[in-house]
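In case you want the letters, here they are:
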Amino acid sequence: MATFASSSSLKQKFIIVSFLFAILTSLHSPLNARFASVFSFGDSIADTGNLLAISRSESRQLPTSTFPPNGRTFFHRLTGWFCDGRLIIDFLAEALGFPFLPPYFGSKNERPEQFGKGVNFAVAGATALNSSFLAKKGIPNHSTNISLEVQVNFFKDLLPSLCLSSTDCKELLRTSLIAMGEIGGNDYNYGFWAGKNIKEIREFVPLVVDIITSSINNIKISNMQELIELGAVTFLVPGNFPIGCSPSFLTQFQGSDKDEYDPFGCLTWLNQFSEHHNELLQKELGKLRIRHPGIKIVYADYYNPTMRLYRSPNRSGFKETLKVCCGSGGPYNYNTSISCGSPSLKRSCNDPSSYISWDGIHYTEATYKLVATAVFEELMNL
């Protein structure tokens, strides 16, 4: 379903978003003085080159994000980002007045000084749950075996090189922002792609949320609690996107009954699944705040700002809501066997900023920028 915007609305979108972002990234923005560094964890929504570096170091086939037309909008070069331009974490770095966060794997052999403003541990394809656990459930991960726990362990290994003493490390973390994701989306994606039903995948939601926030079977502490013990005090924890609007799932479940779609063309039951994850995540974050009253935890709402784009695309200048910018064939311009950047798909739409979806799974820079603006507003309320 496509909704076309007038030229005046496009101009209005550009003026409003540019104005807001200029304020947020100005030298006088409250965000600039709030944090000394950012440490990011997650999957392809935040990966700024880790999967690419891992693939090179292991002489593996390079990810499709390494090839055009990825990176065409802002960087005008190949980056390894699964996007036409910047990601939410990139906009966050800009708002803080920082350079883009260096990927851990692409930079870990360099001098620690380059990590002065933070490090990005996010790896495309990463899951919250360990790959071995998912494999036992019949859910393979062909991208990477790096889970959130593994990323946190990499951070713990790196931390001593960033500070002179345990006191220095605690001070570093006290003044840092810890971005915990988005993570967990792939746990669900892989399940659906493996043919698991909604009931089976729904059983993973408490496990995914527990990995992020609280104890699992009272055996080990969560990744967030582990970081709290190390001295971290400020967390940004994103929820899930409305996956019922994802062209990949719309294509997979194409032919569903008409009453399973909302008025905007999204699958209601999949969006309800995302809302279930987000509600449980927020509930557990609330418990964590009670247990650690000195800790600041910001829930980053990715769902509602994105849904507003589907409901009122013309207000933000989008022309295509459910079709893919970099895709091939079908009603959603998405083909499960041809990824953006693959040898047979190196071209994209003329104007990515008029599309919500970049490649059927990830979003365009224009979408990420609008979601990032909403996240900034939450951070400024700290």
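What counts as what
- Residues numbered from 1 in each chain as written.
- Predicted model: local features only at pLDDT ≥ 70, side-chain atom pairs only at ≥ 80, totals over all residues.
- Heavy atoms only, no water.
- UniProt positions renumbered as here; feature names shortened; annotations may be inferred.
- Helix = DSSP H or I, 4+ residues; strand = E, 2+ residues; numbered from the N terminus.
- Buried < 20%, exposed > 50% of the residue type's maximum accessible area, 1.4 Å probe, protein only.
- Contact = heavy atoms within 4.5 Å.
- Pairing = 2+ DSSP bridges.
- Phe/Tyr/Trp six-rings, centres within 6.5 Å; stacked < 30°, edge-to-face > 60°.
- Polar contact = N/O pair within 3.5 Å; in protein donor to acceptor, adjacent residues only side chain to side chain.
- Core = buried A, V, L, I, M, F, W, Y, C linked by side-chain atoms within 4.5 Å.
- Salt bridge = Lys/Arg side-chain N within 4 Å of Asp/Glu carboxyl O.

The name an unreviewed UniProt entry assigns to the protein is GDSL esterase/lipase, from the organism Hibiscus sabdariffa. Quoted verbatim from the Sequence similarities (unreviewed entry) heading of the UniProt record, the comment on the protein is "Belongs to the 'GDSL' lipolytic enzyme family."

(A) Structural view of the overall build of the protein. Looking only at helices and strands, one finds 16 helices and seven strands in the protein. In the protein, buried positions account for 57% of the 382 residues. Within the protein, contacts between residues at least 6 apart in sequence are counted, and of these 72% link residues at least 24 apart.

(B) Representation of the pairing of strand 6 (residues 320-324). Most of strand 6 sits inside the fold, with four of its five residues counted as buried. In terms of strand pairing, strand 6 meets strand 7 (residues 355-357) through two bridges, oriented parallel. Opposite Glu320, over in strand 7, you have Tyr355 as the bridge partner.

(C) Fine view of unusual backbone geometry. The step from Pro68 to Pro69 runs through a cis peptide bond, and the omega angle for that step is 10°. Checked against the element boundaries, Pro69 lands in the loop between helix 2 (50-57) and helix 3 (88-95). At the junction of Gly181 and Glu182, the peptide bond is cis and its omega measures out at 25° in the coordinates. Within the secondary structure layout, Glu182 lies in the loop between strand 3 (176-180) and helix 8 (185-193). Despite not being glycine, His76 has its phi angle at roughly 55°, a positive value. Tracing the backbone shows His76 in the loop between helix 2 and helix 3. Taking relative accessible area as the criterion, His76 reaches 62% and is therefore assigned exposed.

(D) Representation of the packing of aromatic side chains within the structure. Tallying each qualifying case throughout the model produces 25 aromatic pairs. Taking the centre distance of 4.8 Å and the plane angle of 90° together, the rings of Tyr188 and Phe273 count as edge-to-face. Note that Tyr188 is positioned in helix 8 and Phe273 in helix 13 (residues 268-291), a separation of 85 residues in sequence. Just as Tyr188 is buried, Phe273 falls in that class too.

(E) Representation of the environment of His76 in the model. Among the polar contacts listed, one links the side chain of His76 to the backbone oxygen of Arg72, at a separation of 2.9 Å. A polar contact is formed between the side chain of His76 and the backbone oxygen of Phe74, at a distance of 3.5 Å.

(F) Spatial organisation of the nonpolar core. If you look at the biggest cluster of nonpolar residues, it comprises 104 residues, and the most contacted ones within it are Phe41 and Phe235. Among the elements that make up this core, the one with the highest residue count is helix 16 (residues 365-380) (eight residues). Contacts of Phe41, omitting those with residues within four sequence positions, involve Phe121, Ala122, Leu148, Gln151, Val152, Phe155, Ile178, Ala179, Met180, Gly181 and Leu227. Cys326, Cys340, Leu345 and Cys349 belong to the second-largest nonpolar core, a separate cluster that totals seven residues.

(G) Main features of the side chain of His362. The topology assignment puts His362 in the loop between strand 7 and helix 16. Note on His362: relative accessible area 6%, which makes it buried. There is a polar contact of 2.7 Å between the side chain of His362 and the side chain of Ser44. Excluding anything up to four places from it in sequence, His362 contacts Ser44, Ile45, Phe82, Ser357 and Tyr368.

(H) Representation of the pattern of salt bridges. Overall, the coordinates contain six salt bridges when judged by the stated rule. Lys156 is the partner of Glu226 in a salt bridge, and the nearest nitrogen-oxygen pair spans 2.3 Å. Residue Glu226 is found in helix 11 (residues 223-230), and its partner Lys156 is found in helix 6 (residues 148-158); the two are separated by 70 residues along the sequence. In the salt-bridge network here, residues are joined through shared partners; they are Arg86, Glu94 and Glu365.

(I) Structural view of the environment of Asn381. Within the secondary structure layout, Asn381 lies in the segment after helix 16. A residue is classified by how much of its surface remains accessible, and Asn381, at 62% relative accessible area, is exposed. Residues Asn381 and Val298 lie 83 residues apart in sequence; the distance between their C-alpha atoms is 9.2 Å.

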